[in-house]
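# Observations on chain architecture
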Amino acid sequence: MGHLLMIESWVGSMSRLLPRAVRESGHEFTFLTRDLHHYLRSAPEGASHPLLGARNVLTWDTNDTQGLLPRVERLHAALGFDGVITSCDYYLPAVAEVAARLGLPGAPPGAVADACRKDATRRVLHAAGVPGPRFAVCTDWAQAAEAAREIGYPLVIKPVDLCAGMFVRRVDDEGDLSRAYRALADFPVNARGQRRAPQVLLEELLEGPEVSVETVSFDGKSHVVGVTDKSVGGAPAFIETGHMFPAALDAEATTAAASTAQDALAALGLDHVVAHTEIKLTAHGPRVVEVNPRPAGNRITELVRHVTGIDLAAAFVDVALGNTPDLAARDTGLESAAIGFLVPEAAGVLEAVEGADGLAGRPGVLEAQLAEPGATVKAAGSNNEYLGHVMAADATGSGARARVEELLGALRPRVATR
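The structure presented is a predicted model; accordingly, all values stated were derived computationally and were not measured.

About the cut-offs
Residues numbered from 1 in each chain as written. Predicted model: local features only at pLDDT ≥ 70, side-chain atom pairs only at ≥ 80, totals over all residues. Heavy atoms only, no water. Core = buried A, V, L, I, M, F, W, Y, C linked by side-chain atoms within 4.5 Å. Buried < 20%, exposed > 50% of the residue type's maximum accessible area, 1.4 Å probe, protein only. Helix = DSSP H or I, 4+ residues; strand = E, 2+ residues; numbered from the N terminus. Contact = heavy atoms within 4.5 Å. Domains from an automatic or database assignment. Salt bridge = Lys/Arg side-chain N within 4 Å of Asp/Glu carboxyl O. Polar contact = N/O pair within 3.5 Å; in protein donor to acceptor, adjacent residues only side chain to side chain. Nonpolar A, V, L, I, M, F, W, Y, C, P; charged D, E, K, R; others polar. Axes fitted to C-alpha atoms, helices over the stretch in contact; angles between N-to-C directions. Left-handed = near helix turned anticlockwise from the far one by under 90°.

It is worth spelling out the nonpolar core at this point. By size, the foremost hydrophobic cluster in this structure holds 40 residues, and its most contacted members are L4, F29, I85, V216 and V317. Going through the elements one at a time, β1 (3-7), α1 (14-24), β2 (28-33), β9 (210-218), β11 (239-245), α10 (300-308), α11 (312-321) and β14 (336-341) are the ones with two or more residues in this core. With nine residues, the top contributor of residues to this core is α11. Each residue touching V216, except ones within four places of it in the same chain, is listed here: K221, S222, H223, V225, V273, V274, L312, A315, V319, P325 and L327. Core analysis: the second largest hydrophobic core is formed by 22 residues, C88, L162, C163 and A180 among them.

This is the structure in structure tokens:
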């Protein structure tokens, strides 16, 4: 039995999947957080949060990495940890630092820090010759305006240190750029109370379908589990509206995407990670969008598990403990699985989702989760404002996406606008 130190977590599906994977693998964990109420607020009604199934629940300022390091050394002496883990992007660098300090398995801290900063990722990949968009890192408005003219419109503006598509926008002219730049400047602290970096990233707008490559890296080698496709909406934002695993690609495109992801991981020096690398398949070949040194969100890990039997959450636990993960695919009886998200278009209060009666019991449905009447609705600007999701499978081919789209198309959210 291994004992993991879990430093913070996302409050979405991984906050449930990861504790489950720890428990089902025969291990236990101590949970360390700066704000326990952040998780209690997201607990299912009438149930305790899975993170509270920890052997110990402790509080400390997890945003102060330098203060955290001596603290976890004392905890390690008393409790004995075999690995350190988190599912939250904002704490991946701290986890890498803690693992290194305690002499436990983990990716090199510098590699994780570079992967968690979009500007650093761009510089590292560019230096290594891994293909990506033309880009510029800007620290003030004048620099951004000049760089945009050099790259050429349309382009994409991104924060260098936020997640879930927050403030990522397509801009078609200098007026769009100014509005997007100001909106980002007005968000100086992220959702976990960490002060944001002042830099912004401008990138050439890449055209083509987007996919993600799911990998597990250990012992110096990155193993490709598969390629997932992505649908995007909500322009000028880039909101993920759905995914299907495996992506409906030919063998050549699948291989090219996988190889590009492995090149990116190697260039960054990432090992002992489960990674989710996003790639655009352009007319000129695959181009890296970003590298995430943690398992995919939006329940992509569950799509993979339904089709292949491979549990990426369990693999995440294994690599954190220095164990060899089980990546052997098994026959699950399913050829494809897809998820689609119900994306709100206006703010207000949800009155009902019409057409949802009996949704969970319809043919092919694996999961159906919708917001309850009375929920506060925000107009979607990122991947944080969904009203729910539908997951479905196809046992004979790549029809899972079509089935999900059919099911979502029959749902009609009724929102009382304010």
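From this point, the narrative continues.
Let us now look at the environment of S259. You can see S259 is positioned in helix α9 (residues 251-268). Of the residues examined, S259 reaches a relative accessible area of 32% and is grouped as partly exposed. In this structure, the C-alpha to C-alpha distance between S259 and V213, residues 46 residues apart in sequence, is 9.4 Å.

What follows covers the domain arrangement of the protein. The assigned domain composition of the protein is domain 1 (3-104), domain 2 (133-204), domain 3 (207-332) and domain 4 (336-417). Just the C-alpha atoms count here: the centres of domain 2 and domain 3 sit 25 Å apart. With six residues of domain 2 in contact, the opposing surface of domain 3 contributes six residues. Taken together, the links from domain 2 to domain 3 amount to zero salt bridges. At the surface where domain 2 touches domain 3, the tally comes to one residue pair in polar contact (both at pLDDT 80 or more). Every element with two or more residues in the side of domain 2 that touches domain 3 is listed here: β6 (155-159) and β7 (169-171). In terms of residue class, the side of domain 2 that touches domain 3 is made up of three nonpolar, no polar and three charged.

The geometry of a pair of packed helices is captured by two quantities: the angle between their axes and the separation between those axes. Put simply, helix α7 (residues 141-151) and helix α8 (residues 174-185) touch, their axes get as near as 11 Å, and they point 145° apart. Between α7 and α8 the crossing geometry is right-handed. Here α7 contributes W141, A144, A145, A148 and R149 to the contact with α8, which in turn contributes E174, L177, S178 and Y181. Grouping the constituent residues of the contact of α7 with α8 by class yields six nonpolar, one polar and two charged.

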